Amino acid sequence: RAKDLGKNNVQIFTSSMNIQTYKIFTLERDLRKAIQRNELELYYQPKVNVYSGEIVGAEALVRWNHPEWGLVSPNEFIPLSEETGLSAALSSWVKLTACQQNKEWQQAGLPAIPISINVTAKRFLFKDMVDSIQLVLRETGLDPQYLEVEITESSLLENEDAVMTTLDALNKLGVKISLDDFGTGYSSLSYLKRFRQKINTLKIDKSFIHDMHPGNDDNAIIHMIIQLAQHMNMSVIAEGVETEEQLYLLKQLQCDVVQGYLFSKPVQAAEFAEILKQGHIPIVNSDVAADFEN
Ligand code: C2E
Ligand code: MG
Ligand code: MG
Ligand code: MG
């Protein structure tokens, strides 16, 4: 019987593979059905103005509620989706869900904010990328200014003409573009120079924020990124802000927008709607310099 067979499967795989390999095997096997079975879910994390606490945007982050493994991180299944040819389906689902949700919130009278989605380098340069975004905007009726696309530096390393065409098309549509995990990729400043007019925001990677301490030399790197953004007329946002100390230091460097557990973890749609209803998150009292400077 199927049930026994399932059990045997588990036995075979756990005896000959380690748990991680078994997990990947099952995730790969189940991913195709995950969308139909409604197992995917978007979580939302606010982007916050450090002075007012105002919510100026949000990032949509996908989760998979897997029947056996529980909540699975996108770091685990996004790569699998690309290997198994499911990335188009997954990407479509994310786009549609984020735009539909945002439109719904606006129609319910919640503050209108841009919501960003993550797009892998591979998907970014697919021919149908721009068309599919345009289609989703039309289907959902969402004003393009409320959609943002987060790409990584590696997206810029591919065929230069194709990158330029895609960025231009998104600019023309009115969709915003941010450069995610900035500072960790392989790209150089010459890429930034080339594409700077087409990119709205630099997102400082959380690894830099994690290492922020008063007097740490690494703070100079963050300072440089912030100034670079300012000089190039881009916005800048710090991701992974967890402590008041980091917030304090970022404010000193004139980083106006942050995202991180200090304000909110990524939360389910219903919970995010509650936060958005308030319009802002009470900001912690990070102006007490004395707490951090000695
Ligand atoms: P990312 O785009 O750089 O997203 C930021 C990650 O940092 C998220 O992890 C978020 O939950 C986490 N984070 C936010 N604040 C903090 C903090 O204060 N401290 C720490 N330690 N972490 C924080 P998550 O949700 O696990 O996503 C991981 C990566 O998976 C994302 O990195 C993104 O590259 C990818 N991803 C997530 N959702 C999607 C999606 O819908 N499509 C695609 N293609 N990739 C996605
Ligand atoms: Mg991102
Ligand atoms: Mg990031
Ligand atoms: Mg990342």
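Residues numbered from 1 in each chain as written. Chains lettered and ligands numbered in written order. Predicted model: local features only at pLDDT ≥ 70, side-chain atom pairs only at ≥ 80, totals over all residues. Heavy atoms only, no water.

Chemist: So what exactly am I meant to see when it comes to the overall build of the protein chain here?
Modeler: Each helix and strand in the protein chain was counted, giving 13 helices and 10 strands. Taken over the C-alpha trace, the protein chain has a radius of gyration of 21 Å; the compact-globule value for 294 residues is 19 Å, and the two agree within 12%. Looking at the protein chain residue by residue over its 294 residues, the buried ones come to 47%. By sequence separation, contacts in the protein chain at least 24 residues apart represent 71% of the contacts at least 6 residues apart. (Helix = DSSP H or I, 4+ residues; strand = E, 2+ residues; numbered from the N terminus. Rg over C-alpha atoms; globule rule 2.2 N^0.38 Å. Buried < 20%, exposed > 50% of the residue type's maximum accessible area, 1.4 Å probe, protein only. Contact = heavy atoms within 4.5 Å.)

Chemist: Can you walk me through the site of ligand 1 in this structure?
Modeler: Near ligand 1 you find 22 residues, and of these Arg63, Asn118, Asp180, Glu242 and Tyr261 are the closest. Here an oxygen atom of ligand 1 sits 2.8 Å away from a polar atom, N or O, in the side chain of arginine 63. Contact distances for ligand 1 include 3.4 Å between an oxygen atom and a side-chain N or O atom of glutamate 239. For ligand 1, the accessible surface in isolation is 800 Å², of which the surrounding protein chains cover 85%. Residue assignment for the shell around ligand 1 shows that the elements contributing at least two residues are strand S2 (55-66), helix H3 (74-83) and strand S6 (176-182). Residue contributions to the shell around ligand 1 peak at 4 residues, all from S2. Counted by class, the shell around ligand 1 contains 8 nonpolar, 7 polar and 7 charged residues. (Near = heavy atom within 4 Å. Polar contact = N/O pair within 3.5 Å; in protein donor to acceptor, adjacent residues only side chain to side chain. Areas by Shrake-Rupley, 256 points an atom, 1.4 Å probe, with all protein chains shown as cover. Nonpolar A, V, L, I, M, F, W, Y, C, P; charged D, E, K, R; others polar.)

Chemist: What exactly am I supposed to notice about the pairing of S6 here?
Modeler: Two faces make up the sheet, and in a regular strand the side chains alternate between them. Within S6, 5 of the 7 residues are buried, leaving the element largely enclosed by the surrounding structure. Bridge count between strand S5 (residues 147-152) and S6: 5 bridges; the pairing is parallel. Bridge pairing in S6 places isoleucine 151 opposite leucine 179. Examined bridge by bridge, S6 and strand S7 (residues 201-204) share 3 bridges and lie parallel to one another. The partner of serine 178 across the bridge, within S7, is threonine 201. (Pairing = 2+ DSSP bridges.)

Chemist: Is there a simple way to think about the confidence of the model for the protein chain in this case?
Modeler: Close reading of the predicted structure is inappropriate where its pLDDT is low. Residues at a pLDDT of 70 or more form 90% of the protein chain, whose mean pLDDT is 90. This model gives residues 1-6 a pLDDT under 50, and the stretch forms 0 contacts once residues within four places in sequence are excluded. (pLDDT = per-residue confidence, 0-100.)

Chemist: What should I look at first to understand the coordination of the magnesium ion (ligand 3) in this one?
Modeler: Metal coordination angles in their ideal form are 109.5 degrees for the four-donor tetrahedron and 90 or 180 degrees for the six-donor octahedron. Those protein atoms acting as donors to the magnesium ion (ligand 3) are Asp180 (OD), Asp181 (OD), Glu239 (OE) and Glu239 (OE), and they sit at 2.1 to 2.3 Å. The two metals, the magnesium ion (ligand 3) and the magnesium ion (ligand 2), are separated by 4.2 Å and share aspartate 180 as a common coordinating residue. Since its relative accessible area comes to 24%, aspartate 181 is described here as partly exposed. (Donors = N, O, S within 2.8 Å, 3.2 Å for Na, K, Ca; no water.)

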